[in-house]
Amino acid sequence: MNHIFENKETFKGAYVLALNHLFAKKIENATLYERYATLASILDTHLKTDYRSTTEYVEKNNLKKTIYFSMEFLMGRLITSNLMNAGYASVVKEAFKDWGYDLNEIEQTESDAGLGNGGLGRLAACFLDSAASLSLPLYGNSLRYQHGFFVQKIENNKQVEYPDNWLERPFIWEEKKEDEAVEVPFFGYVENIRLIDPVWVRAIPYDVKVVGAQNGVVTHLRLWSTEPSKKYHYQDQAYLNMVKNITDSLYPDDSTEDGKLLRLQQQYLFSAAGIKSAINEHKRLGRDVRSLADYYTFQINDTHPTLIIPELMRVLMDEEGLGYDEAWQIVNKTCAYTNHTILAEALEKWNIKIFRRLLPRIYEIIAEMNKRFIAELVSKGYSQEKIYRMQLIGVNNVRMANICINASFSVNGVAALHTDILKKIELNDFYQLYPEKFNNKTNGITHRRWLLHINPELTSIIDSLLGSKWQKDLSLIKGLEKYANDAKVQSQIKDMKLTKKRILIKRIYEDTGVMLNENAIFDIQIKRLHEYKRQLLNILHIIYLYLRLKKDAEFKKNFHPQNFIFGAKAAPSYHMAKGIIELINAASKVINNDKDTNELLKVVFVENYNVTYAEFLFPAADLSEQISTASKEASGTGNMKFMLNGAVTIGTMDGANVEIVEQAGKENAVIFGMSAEEVTTLYKNNGYKPRKYYDEDKRLRDIFEFIRTLNSNPTHFDFILHNLLNSDYFLVMADFASYVEAQAKANKLYQDAKTWWRMSIMNIANAGFFTSDRTIAQYNEDIWHLTPITF
Ligand code: 26V
């Protein structure tokens, strides 16, 4: 077959024509963006053939689909990943080289699609890549936010938020499907199950192609946008504003408890539209609604898409005329729920008043579900107290997680420890009632983006040792283990790190003016800013190091230089988190400018940490900071990206760290701090006195004193210090001594090069389990049972 990506000459010919067609320019006159847009357009157009054959295959063979409902998909840039998965990266790179251009440079002009907050959204993006690469018919369903996750700037040490106008220039990978628009009703009132006088909003899908790894499979992520309904002749400004607002912005908040009507509106919009489009498709293919469960699984990513449950009930009963029991059976066989947090404050609840006003019929259905559920529990002899804990509606609010657990056939956690805690503690009532529903699916990351794409240097080292089969089946990366002590391989890995550090140093220098020492240990903590993730513990330790280096010559002599790098966004309304960012920046200014220590110790807070920045940071790391209070981090996925790129974890036995240590060996990580069980017991006994640590540990007193010098107003950071002394819910004070010890151990280990690079290689070699290909294969095996597409 002859096509434009066949070889560099055919590609060059097509590219020059397209550039002329799109921008009326010759290549030497085109801007960087025009060169990018031309490449993306011809690739996107080219992919249409595979997209069509995938769709046709799935339809012709009546394959079951999974619709992955997620309010967030943190896609990042797509050009390189699409080119690589399509198998055309080297042809394009060669052609560009002939012209004197660098493909990486072109990539820089694509906007980073930041339709998510953090781990949950990035996981969804990795899942799309893995499912398509495993030839599974999985499709994403979400919202097309006009503004993604805010752009962070640091001004005066503080975080300032700016809007992310990522759609400023056309998003080339999307295609508007006007013909598949649906109308979604809000408000109104109910008369005999009929919704009277609702306000209609038109939902229009934009499909973004998702390219499987060299298997000809192209699926999509469907993003819903809102437009005024076609049902009205006249629309006033208030209505038009409401319509626009629904898909205006992503909530920059992990907090789902803000009670905002708008967020509930977003949730219903993409849930109802997604269900409607699945049912439309199901019928178009000539199938009966009663067989829905044979053709679809709706995976509910956290509780944000919970409303698909009552919505599906509504469609089946009110529109399709099924009885309650029959509808309930279908819902129960199609919906599956993934839980991503045990933090009680993160469990979504909606005020009944708001809920009923916005979604009166949906509320009625949930009330009916609740009535029947309570009756079932009563008949099983449950106590009043237990029933109250489990019911779907509390005194004031609708409980989304309870609805999901009650109505889904599968409930999964995202790491072994997390699922264990759900079963034994947080969701124990439900686990006793439905033990068969509960299962674990440890998270993963796509090694195509997080190794092949971002670290070609490491990829080629592995290729040279193992051939390239491991790229398709990451479990084969285990073959590296036998080179762990090999001096030559160790030095190759060390050189790879140095190369990646130099690239990062340059970027950080350009962004912040801080020049980092390339021989130092690169110690990196990149993730959302949350108290439970304990960036505060990290900065307290850095201050301790700084003070010690200044006064202890012997310590200084034995200390290997260390660069501490942070990247984190705080929710705009999260006062404590923003205070911690300011504290890190204020401390870094003093530390970086102190001639006594600044050859040895630097601290950098990178601005606007996002997927694109992450791609520079992970490969350059030596130490991966995973220091959450044990039991609080459901899984973590950054920990896996570091490991795969040869960093050693310094962390607590929390989330997937437990499995990382299990895979790599305890001797190949630096573990510290209280265990999840100890934390739980401490909370239960109510006996935690953080002030004791302050009184007994001079290091803490010195750190506090230093913090009081960081601002012209000595009480400026007192809200942080007082919290540590008087409450410290996340046990920073309790784990401080143990963390200091762990850090000292890591610094010493690094100085023993043979041991260190052995550890690094052992981490890479044992990261195979953490590919999201494995995660997706397990979801499919246990929950979805999809048949792969085999052309
Ligand atoms: C929400 C909230 C809201 C209230 C304040 C505290 C708080 C803390 C965390 C959250 C997160 C909710 C869901 C979430 O993003 N979970 C993350 O999911 C990742 C993918 O499974 C997982 O790796 C992370 O450990 C988990 O935090």
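Residues numbered from 1 in each chain as written. Predicted model: local features only at pLDDT ≥ 70, side-chain atom pairs only at ≥ 80, totals over all residues. Heavy atoms only, no water.

(A) Geometry of the state of the cysteines. Counted according to the given criterion, the structure contains zero disulfides. Cys335 takes part in no disulfide bond, and the closest cysteine sulfur to it belongs to Cys404, at a distance of 8.3 Å. Residue classification places Cys335 among the buried positions, given a relative accessible area of 0%. (Disulfide = S-S within 2.5 Å. Buried < 20%, exposed > 50% of the residue type's maximum accessible area, 1.4 Å probe, protein only.)

(B) Summary view of the nonpolar core. Phe11, Leu83, Phe186, Phe298, Ile309 and Phe355 are the most contacted members of the largest nonpolar core, which totals 149 residues. Sorting elements by how many residues they give to this core places helix H2 (residues 32-60) first, with eleven residues. With near-sequence residues (within four places) excluded, Phe186 lies in contact with Pro198, Val199, Val201, Ile246, Gln265, Tyr268, Leu269, Leu358 and Leu359. Formed by 125 residues, the second largest nonpolar core is a distinct cluster that contains Cys126, Tyr574, Ile581 and Ile720. (Core = buried A, V, L, I, M, F, W, Y, C linked by side-chain atoms within 4.5 Å. Helix = DSSP H or I, 4+ residues; strand = E, 2+ residues; numbered from the N terminus. Contact = heavy atoms within 4.5 Å.)

(C) Representation of the sheet that holds strand E20 (residues 562-567) within the structure. A sheet is described by the order of its strands in space; here six strands give the open sequence E21-E20-E19-E22-E23-E24, paired in parallel fashion. Edge positions in the sheet fall to strand E21 (601-606) and strand E24 (670-671), since each of these pairs with one other strand and no more. Both E20 and E21 contribute to a ladder of six bridges, which runs parallel. Following the sheet pairing, Gln562 is matched in E21 by Leu601. (Pairing = 2+ DSSP bridges.)

(D) How the structure looks around the site of the ligand. Surrounding the ligand, one finds 19 residues, the nearest of these being His340, Asn443, Glu633, Ser635 and Gly636. In the environment of the ligand, an oxygen atom lies 2.6 Å from a nitrogen or oxygen atom belonging to the side chain of His340. A distance of 2.6 Å separates an oxygen atom of the ligand from a polar side-chain atom of Glu633. Look at the ligand: alone it shows 590 Å² of surface, and the protein chains cover 89% of it. (Near = heavy atom within 4 Å. Polar contact = N/O pair within 3.5 Å; in protein donor to acceptor, adjacent residues only side chain to side chain. Areas by Shrake-Rupley, 256 points an atom, 1.4 Å probe, with all protein chains shown as cover.)

(E) Region of the structure containing the packing of helix H21 (residues 535-551) against helix H31 (residues 732-751). Two numbers describe how H21 lies on H31: the axes approach to 10 Å, and their chain directions differ by 55 degrees. With respect to H31, the axis of H21 lies oblique. For the pair H21 and H31, the sense of crossing is right-handed. Between H21 and H31, the residues in contact are Leu537, Asn538, Leu540, His541 and Tyr544 and Val732, Phe736, Tyr739, Val740 and Gln743, respectively. The residue inventory of the contact of H21 with H31, partitioned by class, reads seven nonpolar, three polar and no charged. (Axes fitted to C-alpha atoms, helices over the stretch in contact; angles between N-to-C directions. Parallel < 35°, antiparallel > 145°, perpendicular 65-115°, else oblique. Left-handed = near helix turned anticlockwise from the far one by under 90°. Nonpolar A, V, L, I, M, F, W, Y, C, P; charged D, E, K, R; others polar.)

(F) Structural view of the packing of aromatic side chains. Within the structure shown, the criterion is met by 37 aromatic pairs. Centroid distance Tyr296 to Phe298: 5.9 Å. Interplanar angle 25 degrees. Geometry classified as stacked. Summarising the burial analysis for this pair, Tyr296 and Phe298 share the class buried. Seen in terms of ring centroids, Tyr750 and Trp756 are 5.1 Å apart; in terms of plane orientation they differ by 65 degrees. Their pairing is edge-to-face. Like Trp756, Tyr750 is buried. Members of the aromatic cluster, joined through ring pairs, are Phe5, Phe11, Tyr15, Tyr88, Phe96 and Trp99. In this arrangement the basic side chain of Lys65 is found over the ring face of Tyr139, its NZ or CZ atom lying 4.4 Å from the centre. (Phe/Tyr/Trp six-rings, centres within 6.5 Å; stacked < 30°, edge-to-face > 60°. Lys NZ or Arg CZ within 6 Å of the ring centre and 35° of its normal.)

(G) Summary view of the pattern of salt bridges. Inspection of the entire model under this criterion finds 53 salt bridges. Between Lys177 and Asp207 there is a salt bridge, and its shortest N-O distance comes to 2.6 Å. You can see Lys177 sitting in the loop between strand E7 (174-176) and strand E8 (182-186) and its partner Asp207 sitting in strand E11 (residues 199-211), a full 30 residues away along the chain. Here Lys177 and Asp207 have matching classes, each one buried. Arg372 is the partner of Glu368 in a salt bridge, and the nearest nitrogen-oxygen pair spans 2.7 Å. (Salt bridge = Lys/Arg side-chain N within 4 Å of Asp/Glu carboxyl O.)

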